[in-house]
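Coordinate analysis (summary)
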Amino acid sequence: MANKMWGGRFQAGPDAIMEEINASIGFDKRLFRQDIAGSKAHAAMLAKQGIITKSDAAEIRKGLDQVQGEIEAGTFTFSRALEDIHLNVESRLKDVIGPAAGRLHTARSRNDQVAVDFRLYVRDTVDHFDMQLKDLQLALAEKAEAHAATIMPGFTHLQVAQPVTFGHHMLAYVEMLARDRSRLADARKRMNENPLGAAALAGTSFPIDRHETAKALGFDRPTRNSLDTVADRDFVLETLSASAICAIHLSRLAEEIVIWSTSQFRFVKLSDKFTTGSSIMPQKRNPDAAELVRAKPGRIIGALLSLLTVMKGLPLTYSKDMQEDKEPAFDGFDNLSLAIAATTGMVKDMVPNEQEMRKAAASGFSTATDLADWLVRTLKMPFREAHHVTGSLVALAETEGCDLPELSLPLMQSVEPRITKDVYKVLTVENSVASRVSFGGTAPKNVKREAKRWIKLLKA
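1. What about the overall build of the chain?
Helix and strand content of the chain: 18 helices and six strands. A compact globule built from 460 residues should have a C-alpha radius of gyration of about 23 Å, whereas the chain, at 31 Å, is more than 25% larger. Nonlocal contacts in the chain, meaning residues at least 24 apart in sequence, comprise 74% of its contacts between residues at least 6 apart. Within the structure as shown, the chain displays about 22,500 Å² of accessible surface, and the carbon and sulfur contribution to it stands at 54%. Distance from the positive charge centre (60 side chains) to the negative charge centre (58 side chains) of the chain: 4 Å.

Set out below in structure tokens:
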């Protein structure tokens, strides 16, 4: 008896181990919507071109609708013996409509079929990410608007550097996510070409219309080279790369939430929604959601590295190695989506502790740069000299056990006699942040304006 999938060329079925390593239905069944959408477009084009009859195309479409309904209802039985989503759908279609189902595969191969399925899936995923990231940006921008004047320390090397505002800090992540969305949009633009019609690798002798299927599936155009079409997984690599960068941004914010919520910092508080307790220490409130978001880049970067490794040495065109593209991609995309959702929830949930943040912002000689700038503006000192004088004043304050605003005028004048009492105006954290009016600076009026601009853009 001939093999039920491969017909006359194979006279026996695969070994059990071969079936185990070869089958992909366990994970590629999630492509069923894209597979059926591609098949509908292909059948409609074949009928329009006179390659199959319109009645067969109608039967195929009706049958595919039934198959999709069965899968969505959970009544469809997937078969490992049929390997993948393509053969599972086609086999069931034959059960539903009979011999007409056999005409569906005219002028196509599983090579271009999987390419179109996966492109459609990744395109849908990118659109989903864009919506999620937009929601996260809006949550950050609204938090920024509410806290445009809430003072906190800005850090370099995790040391107090200069006062900034909490709103300004939130907007930094809005900018990062904007770049993430831009990278994903770029990847989407490049992937939005139709692989159908490349067939196995060389195209087809049938008079197909690839522009027609491109239009039906929302692609901008058909791919231009059949060899490249079936060999290409750049669209997955690009999306995973953009996803990895995005995950790193989320992880940086998650790490800050972890730090900020410690008893040592007490900058923010998370509610019970995004924290857990301890099995032995009843006082604990652990920022587990943030810690898990912080860990997610490991999964996503791993997915990218996995696929890079699979693809690095493959000759043209299709090789079965490329079946290993989906599991890591699915895992990476699922984890990024979950990380974005969790981060959005935490941003909306967290409550800044304004008193603790201001206290921290006023420590560590954070207005030293303001003092140096005052020396330049008022005493016309070269900045390098002002830097040296300020450093001497900081050393003096350390010796006196006080911060710069508490250093007496006579002591300041012992270092630089021309200093006047007006210097104290620039040494408060409020005046420090208010003075940072340069474009992109932390001045509250800047932050308020920028937050409003982003909210308007994101709600448009």
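Having put the structure on the table, let's press on.
2. Let's talk about a nonpolar patch on the surface
On the surface, a nonpolar cluster with roughly 270 Å² of combined accessible area is contributed by Leu201, Leu227 and Leu316. Relative to the assigned elements, Leu316 resides in the loop between helix H11 (288-311) and helix H12 (326-349).

3. Let's talk about the packing of helix H14 (residues 368-379) against helix H15 (residues 383-400)
Close contact between H14 and H15 brings their axes to 9 Å; oriented N to C, the two are set at 135 degrees. Taken as axis vectors, H14 and H15 run oblique relative to one another. Here H14 runs over H15; the crossing is right-handed. Contact with H14, carried on its side by Ala368, Leu371, Ala372, Asp373, Leu375 and Val376, involves Phe383, Ala386, Val389, Thr390, Leu393 and Val394 of H15 and no other residues of that element. Here the residues of the contact of H14 with H15 are counted per class, giving 10 nonpolar, one polar and one charged.

4. Overview of the environment of Thr262
Relative to the elements of secondary structure, Thr262 occurs in the loop between helix H10 (234-260) and strand S5 (268-269). Spatially, the C-alpha atoms of Thr262 and Arg285 are 9.3 Å apart, while their sequence positions differ by 23 residues. Within the structure, Thr262 has its side chain in polar contact with the backbone oxygen of Ile259 (distance 2.7 Å).

5. A closer look at the nonpolar core
Membership of the largest hydrophobic core comes to 96 residues, with the highest contact counts inside it found for Phe118, Leu140, Val236 and Leu250. A total of 15 residues in this core trace back to one element, the largest contributor, which is H10. Beyond its immediate chain neighbours, meaning those up to four positions away, Leu250 contacts Leu136, Leu177, Val293, Leu336, Ala339, Ile340 and Thr343. Residues Met381, Leu393, Cys402 and Val423 belong to the second largest nonpolar core, which totals 22 residues.

6. Considering H15
Between its first and last C-alpha, H15 extends 25 Å over 18 residues, near the 26 Å set by a 1.5 Å rise per residue. Among all positions in H15, only Ala386, Val389, Thr390, Leu393, Val394, Leu396 and Ala397 are buried. Each buried residue of H15 sits inside an arc of 160 degrees when the element is viewed along its axis, so together they form one side. Within H15, the exposed residues directed more than 90 degrees away from the buried face are Arg384, His388, Glu398 and Thr399. Looking at the buried side of H15, the elements it contacts are H14 and helix H16 (409-415). Looking at the residues trailing H15, positive phi occurs at Gly401, about 70 degrees.

The rules we used
- Residues numbered from 1 in each chain as written.
- Predicted model: local features only at pLDDT ≥ 70, side-chain atom pairs only at ≥ 80, totals over all residues.
- Heavy atoms only, no water.
- Helix = DSSP H or I, 4+ residues; strand = E, 2+ residues; numbered from the N terminus.
- Rg over C-alpha atoms; globule rule 2.2 N^0.38 Å.
- Contact = heavy atoms within 4.5 Å.
- Areas by Shrake-Rupley, 256 points an atom, 1.4 Å probe, with all protein chains shown as cover.
- Lys, Arg positive; Asp, Glu negative; His and termini not counted.
- Charge placed at Lys NZ, Arg CZ, Asp CG, Glu CD.
- Patch = residues over 30% accessible without salt bridge, like charges linked within 9 Å, V, L, I, M, F, W, Y side chains within 5 Å.
- Salt bridge = Lys/Arg side-chain N within 4 Å of Asp/Glu carboxyl O.
- Axes fitted to C-alpha atoms, helices over the stretch in contact; angles between N-to-C directions.
- Parallel < 35°, antiparallel > 145°, perpendicular 65-115°, else oblique.
- Left-handed = near helix turned anticlockwise from the far one by under 90°.
- Nonpolar A, V, L, I, M, F, W, Y, C, P; charged D, E, K, R; others polar.
- Polar contact = N/O pair within 3.5 Å; in protein donor to acceptor, adjacent residues only side chain to side chain.
- Core = buried A, V, L, I, M, F, W, Y, C linked by side-chain atoms within 4.5 Å.
- Buried < 20%, exposed > 50% of the residue type's maximum accessible area, 1.4 Å probe, protein only.
- Expected span 1.5 Å × (residues − 1).
- Arc of directions from axis to C-beta.

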